[in-house]
Amino acid sequence: MILLEPREQPSRLLAVLSPVVAIALMLFAGAIMLAAMGQPPLQALYVYFFQPVHELWFYLVRPEERAMWIYTPSEVLVKAIPLALIGAGLTICFRANVWNIGAAGQYTLGAIFGGAAALYGPEGSPWLTLPLYLAAGAFGGLLWAAIPALLRTRFNANEILVSLMLTYVATLLLDWLVRGPWKSPTSFGFPVSADFTDSYLLPVLVQGTRLHLGLILAIVIAVALALMMARTLRGFRVRVIGAAPRAGAFAGFSQSGTIWFVLLLSGGLAGLAGAIEVSATIGKLQPEISASYGFTAIIVAFLGRLNPAGALLGALILAISYIGGENAQILLKLPKNVTGIFQGMLLFFLLACDTLIRYRIRWTSASAGAA
Amino acid sequence: MEPFLISMMIAATPFLFAGMGELVAERSGVLNLGVEGMMLMGAVAAFAVSWSTGNSTLAILTGAFAGGLMALIFCVIALSLLANQAATGLALTIFGVGASGLIGQNFVGEALEPLQKLTIPVMSDSTMLGRVLFAHDGMVYLALVMAAAVAWFLSLSRAGLELRAVGDSHTSAHALGLPVIRIRYAATIFGGAMAGLGGAYLSLAYTPLWGENMTNGRGWIALALEVFATWRPWRLVAGAYLFATVTQLQFYGQNWGWPIPAQFLAMAPYLATVVALVIISRDIGLTKANAPACIGQPFRAER
Amino acid sequence: MDTPAGQTALFEARDVSKLFGTFAANDKVSLVVQRGEKHALLGENGAGKSTLVKMMYGVMQPTSGQFFWRSQQVTIPKPAAAREMGIGMVFQHFSVFDALNVAENIALALPPQSMRGLSDSIAEVSEAYGLAIDPERAVHTLSVGEKQRVEIIRCLLQSPQLLIMDEPTSVLTPQETQILFSTLNKLAEDGCAILYISHKLEEVKTLCDTATILRHGKLVAHCDPGKSSAREMAELMVGDNIANLARNGATQPGDARLEITDLTLPADGDFGTALDRISLKVHAGEIVGIAGIAGEGQPELMDALTGERLAGTPATIRMDGAPLGRAGPTDRRAAGAAFVPEERNGHAAISDLTLSENVILAHHTAEGVAGGGWIDFGKAADWTRRIREAFDVRAGDENPAAGSLSGGNLQKFVVGREILRKPGVLIVSQPTWGVDAGAAAVIRQALIDLAWDGAAVLVISQDLEEVFAICDRIAVIYHGTLSSAKPAAEMTAETVGLLMAGGTLAEDAA
């Protein structure tokens, strides 16, 4: 029987070690699952997780062959950008004990608003159009997150359910737009919008890859948020409201103010991610825009220990799993759902390992005492 | 109107199953956000068994089993290892979506015979009321029987009293010697099995097909149903029928010539859920008085 | 233990120890209870009394040692086993279920049976022992004293031979305490032994035949309360010579620094208490105490005073003349007020945060620890050091998590955090609840010294002994109303008890 004994202080060592152990457990469980599916486990794991890293290694140590090895690492970064943006915002939200599960919907609204700017906004120099585009995207996500914020602070409605319901609404809205009012006249029946004009496309940073400006935004924003949480009174407020709202009231902090702040922040970042992703990887609007990043970002946040800077690392790891998954589809004929299973397992193991931070585990014989 | 009412009875069934199950779990103090994932696993497991063996009873049982198994994972992590219940439930959903997608990929597009309808001679055919109420498959009636059973269990049985006590104050329950964790395991696994049944009904009868993510948010709506019902069984039944009605609007609205685009009609259930949540939650006294006081809080016994 | 020849003891604990990690909550404790005996278990907060009885009731298991019931060795794996043997327990923090009614609450402690038969049994017992209660009532509507009756009836229905009572009178008025004592005496006459845990020595002297005294988890003495003086027993409990609080001679109180005028607030939800025209003035240099049993509006009053809940008009609460009734806590602190709420875990401090982070909680604006938005960690650390020194706060590291401190040390920290600001007005609720005697003495002395320096101090406390020990004037809160504050010298425990139960003093009655 498992007995949990509380530690006097949370273990700092295990707070850092826990994600590592969780990843190891995920790999182990994944290997078993792959073997059960008739795949050679070690090879499959290599393709999923280690090949992208391996190619990055080659890129770094073989400068003459850079052009050959650049593709995978750049793709990993491209995938990591929206994950990092949304994930960083979610870390702040979760720290405040506000569970924004609807980031996927805010992402979609960001894409819609950005799309509106790209399709109907002014033409001009990218110095003008890009900030407009990004601001529109952030605003869209922020607006969509304002709904759960309002309903929670005014009416005490659970933000998990409200933000989730709005995710479905957002997807349907996008669907209607691209099949209806925004449907491109030249699309031959495909439900897509017109292409975005060039000035609304995010500039590429490295020739020959899709790695775009969003990388810089993601890094800057994550670092800024990490600083905010560690050094400012505003960040302290978020932590206090999340840990003990009554103590927050005692300190003079407004709980509803904090709820608004974290929801608007994470919604705005999710919206920004949506706009960025659509512009950088698709170049137009269509029904399927990878809004599921909004859910994967939840795992990113936990993997990053609910720290915005940690979310960068978490995003990288999950991006690797996505790219690995795509490679596995091609090379090993493995279905893409396997990636989702890996990600779900990772979160399970992470939560289980996190127990060790606060408790020591002792094994005792079942006869010691009542249940 | 008649086809609409018939389909409403059918559409309410998954909500009834999943909602009742989660109600029991929440009354014991456990908040399991993984209902969507458990329903999907139930749906895919039931479909797979029915497609391979043709035995619908076996398929239904497998669906319940799959949901219960998922709930067991939740229990180990959230109840025994004291992980955050909200995060664990989310993990369950993410995992359930992925796992069900994987298991179901061979079945996409395959069709099944829908569950057999039970009929009572004369009554089932002759009147509209008869056709609406008395010509459904067994699971529609099972859902209502389960609802009554849960209501009885909670208010009139000793075990139900203990379960309510655990949800009200787990420290007091523990001090009196009630096995808190064991009761919560049982309640949560029951909730999972019921969610599995709800999912199984979707893939066996509602649309006898498998599609990825076919629950389409019903699990989340089932969670909202608890709040809407202020955790009372009979109100949950009313809520299930209400939401079922709203979900059917998207199909019948077009037939009835409503000039609203299909996507907006499809938004109806989700928006209705939000509205229902606001209406109930704004009365803080009501929710505080009825919500199980310990819901979502981890419990560790001092020994 | 000397037992009269030929009579076996009812219950014996022999060399019982309970270890939590390396901490010994009980260290080889031995105890003998005779049939029909009223046996006190004495010790200050943290001495190990609750731990011992929890083991006797099967809620916890001893690390080593044995229990004997009528000379047979027994193990008590769970409460049902204890109940079967004949041990009943009335907990300090009631194990009642607010959402259920009285009959359901009682049924849960008994083996499954028909509810109708149960209602009859409840009526029988309640009559026999003078504990009036209605089985159909929802427990959350009961007063604290009534909830305790539910606990007692719950035990009595199992015909216990040993009834354990853990600090039963900490929530009762003096009059309700009398009723309880007559119930207990009757029980003892009927052959039921009582194990009575308390730190209230006068009560123990009135009620009990014999006493066992614990200190720091160890057994230190047995005595006969009838023969020992309260002072002797207190010294055995605490060990050192008890420090007397140094009170300087009565001074003339200065200007009113805290003025509450007609404070009225509606109840916050079903379970709260409304405040009704509360008026009070606290002057510079005086300590005013608000006595009252739990649940009469103290947390609501505290919230209104800290600013966590806003009053109707600004003038309702004045501090040094400034109308702050609708100001938040930060503004009130800027005006020179300081607060120590009742709950140190989760309200006054956050257990997961470090001590210096907990300093930021109260001092971020008023003391400039985070003025301008950026946290000055150096200043916070500095404050932490000063508080720890001045109040002798003992903890493992230099800056540990607040949750790792003992109750007494955390309370000293939380009180010290406020007092070192040299506030003009200090409002503190339950200053020494759950705190060991040493820390309690430090805290009370600090309050006295602060008042001596010219501050106005308001103490809300359920501990009558404490109120009489440090307060110059006393008022009583009951159902959200406040009696007028009278000089402590003019009041007795009896008159205060009367007010606590809702009566009025002769001279106040119209």
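The shown structure was predicted, so the numbers you read here are calculated from the model rather than taken from an experiment. (Residues numbered from 1 in each chain as written. Chains lettered and ligands numbered in written order. Predicted model: local features only at pLDDT ≥ 70, side-chain atom pairs only at ≥ 80, totals over all residues. Heavy atoms only, no water.)

1. Thoughts on the packing of helix 13 (residues 308–332) of chain A against helix 14 (residues 337–358) of chain A
All names here are of chain A.
- Across the interface, helix 13 lies against helix 14 with an axial gap of 9 Å and an inter-helix angle of 155 degrees. It follows from the interaxial angle that helix 13 and helix 14 lie roughly antiparallel. The chirality of how helix 13 crosses helix 14 is right-handed. Note on element contacts: helix 14 touches helix 13 through T339, Q343 and L346, opposite L318, S321, Y322 and G325.
- In the contact of helix 13 with helix 14, the residues fall into 3 nonpolar, 4 polar and no charged. (Axes fitted to C-alpha atoms, helices over the stretch in contact; angles between N-to-C directions. Helix = DSSP H or I, 4+ residues; strand = E, 2+ residues; numbered from the N terminus. Parallel < 35°, antiparallel > 145°, perpendicular 65-115°, else oblique. Left-handed = near helix turned anticlockwise from the far one by under 90°. Contact = heavy atoms within 4.5 Å. Nonpolar A, V, L, I, M, F, W, Y, C, P; charged D, E, K, R; others polar.)

2. Quick notes on the packing of aromatic side chains
Residue and element names in this part refer to chain A.
- Counted according to the given criterion, the structure contains 24 aromatic pairs over all chains.
- Both rings, one in W99 and one in F302, keep their centres 6.2 Å apart while their planes meet at 20 degrees; by these two values the pair is stacked. Residue W99 is located in the loop between helix 4 (71–95) and helix 5 (103–120), and its partner F302 is located in helix 12 (residues 293–303); the two are separated by 203 residues in the primary sequence.
- Its relative accessible area of 8% is what places F302 among the buried residues.
- An aromatic cluster of three or more residues is present, and its members are Y48, F49 and F342. (Phe/Tyr/Trp six-rings, centres within 6.5 Å; stacked < 30°, edge-to-face > 60°. Buried < 20%, exposed > 50% of the residue type's maximum accessible area, 1.4 Å probe, protein only.)

3. Structural notes on the pattern of salt bridges
Residues and elements named next belong to chain C.
- The tally for this structure, following the rule as stated, stands at 27 salt bridges over all chains.
- R137 is the salt-bridge partner of E146, the closest N and O atoms lying 3.5 Å from each other.
- Take E146: its relative accessible area is 19%, and that puts it in the buried class.
- Residue D463 pairs with R444 through a salt bridge whose shortest N-O separation is 3.9 Å. On the criterion of sequence distance, the pair formed by D463 in the loop between strand 18 (456–460) and helix 15 (464–470) and R444 in helix 14 (residues 437–452) is long-range, its members being 19 residues apart.
- Look at R444 and you get buried, because its relative accessible area is 18%.
- One continuous salt-bridge network, built from bridges that share partners, spans R444, D463 and E466. (Salt bridge = Lys/Arg side-chain N within 4 Å of Asp/Glu carboxyl O.)

4. Some details on the pairing of strand 19 (residues 473–478) of chain C
Residues and elements named next belong to chain C.
- Of all 6 residues making up strand 19, 5 are buried, and the element is well covered by its neighbours.
- Inspection of the sheet shows strand 13 (residues 287–291) paired to strand 19 by 4 bridges, in the parallel sense. Of the residues in strand 19, the one forming a bridge with G289 is I474.
- Inspection of the sheet shows strand 19 paired to strand 21 (residues 486–487) by 2 bridges, in the antiparallel sense. Opposite R473, over in strand 21, you have P487 as the bridge partner.
- The pairing of strand 19 with strand 20 (residues 481–482) spans 2 bridges and is antiparallel. (Pairing = 2+ DSSP bridges.)

5. Looking at the sheet that holds strand 11 (residues 256–265) of chain C
Residue and element names in this part refer to chain C.
- Pairing is antiparallel across the open sheet formed by 4 strands, whose spatial order is 12-11-14-15. For this open sheet the edge positions go to strand 12 (275–283) and strand 15 (322–323), each flanked by a neighbour on one side alone.
- Here 6 bridges tie strand 11 to strand 12, and the two strands are oriented antiparallel to one another. Its bridge partner being in strand 12, E259 is matched across the sheet by K281.

6. Describing the confidence of the model for chain B
- Residue-level pLDDT values for chain B average 89, and 96% of them are 70 or greater.
- For this predicted complex, the interface score ipTM comes out at 0.88, while the overall pTM is 0.89. (pLDDT = per-residue confidence, 0-100.)

7. With respect to the side chain of H283 of chain C
- Following the sequence through the fold, H283 of chain C ends up in strand 12.
- Filtering out sequence-adjacent residues up to four positions away, H283 of chain C remains in contact with P253, G254, D255, A256, R257, A455, A456 and R473 of chain C.

8. Section: the interface of chain A and chain B
- Counting residues at the interface gives 46 residues for chain A and 47 residues for chain B.
- Together, the buried faces of chain A and chain B total about 4100 Å²; carbon and sulfur atoms form 79% of this surface.
- The interface formed by chain A and chain B includes 0 salt bridges.
- Linking chain A to chain B there are 6 residue pairs in polar contact (both at pLDDT 80 or more).
- For the side of chain A that touches chain B, the elements supplying multiple residues, two or more each, are strand 1 (2–6), helix 6 (126–155), helix 7 (159–179), helix 12, helix 14 and strand 2 (359–363) of chain A.
- Of all the elements, helix 7 of chain A adds the most residues to the side of chain A that touches chain B, at 12 residues.
- When grouped by side-chain class, the residues that make up the side of chain A that touches chain B number 36 nonpolar, 6 polar and 4 charged. (Buried area = accessible area lost by both parts, 1.4 Å probe. Polar contact = N/O pair within 3.5 Å; in protein donor to acceptor, adjacent residues only side chain to side chain.)

9. Concerning unusual backbone geometry
Residues and elements named next belong to chain C.
- The phi angle at D262 is positive, at roughly 50 degrees, despite the residue not being glycine.
- Tracing the backbone shows D262 in strand 11.
- A positive phi is found at D392, a non-glycine position, where the angle reads about 55 degrees.
- By the element assignment, D392 lies in the loop between helix 12 (377–391) and helix 13 (407–419).

10. Focus: the interface of chain B and chain C
- Contacts between the two partners involve 18 residues from chain B, matched on the other side by 25 residues from chain C.
- Together chain B and chain C conceal approximately 1800 Å² of surface at their shared face, both sides included; 61% is due to carbon and sulfur atoms.
- Counting across the chain B and chain C interface gives 1 salt bridge.
- Where R164 of chain B meets E104 of chain C, a salt bridge forms, and the shortest distance between an N and an O atom there is 3.2 Å.
- Along the contact surface separating chain B from chain C lie 8 residue pairs in polar contact (both at pLDDT 80 or more).
- Mapped onto the side of chain B that touches chain C, the elements with two or more residues apiece are helix 8 (158–168), helix 9 (170–175) and helix 14 (284–290) of chain B.
- Of the residues forming the side of chain B that touches chain C, the biggest block, 6 residues, is contributed by helix 8 of chain B.
- Within the side of chain B that touches chain C, the residues separate by chemical class into 7 nonpolar, 5 polar and 6 charged.

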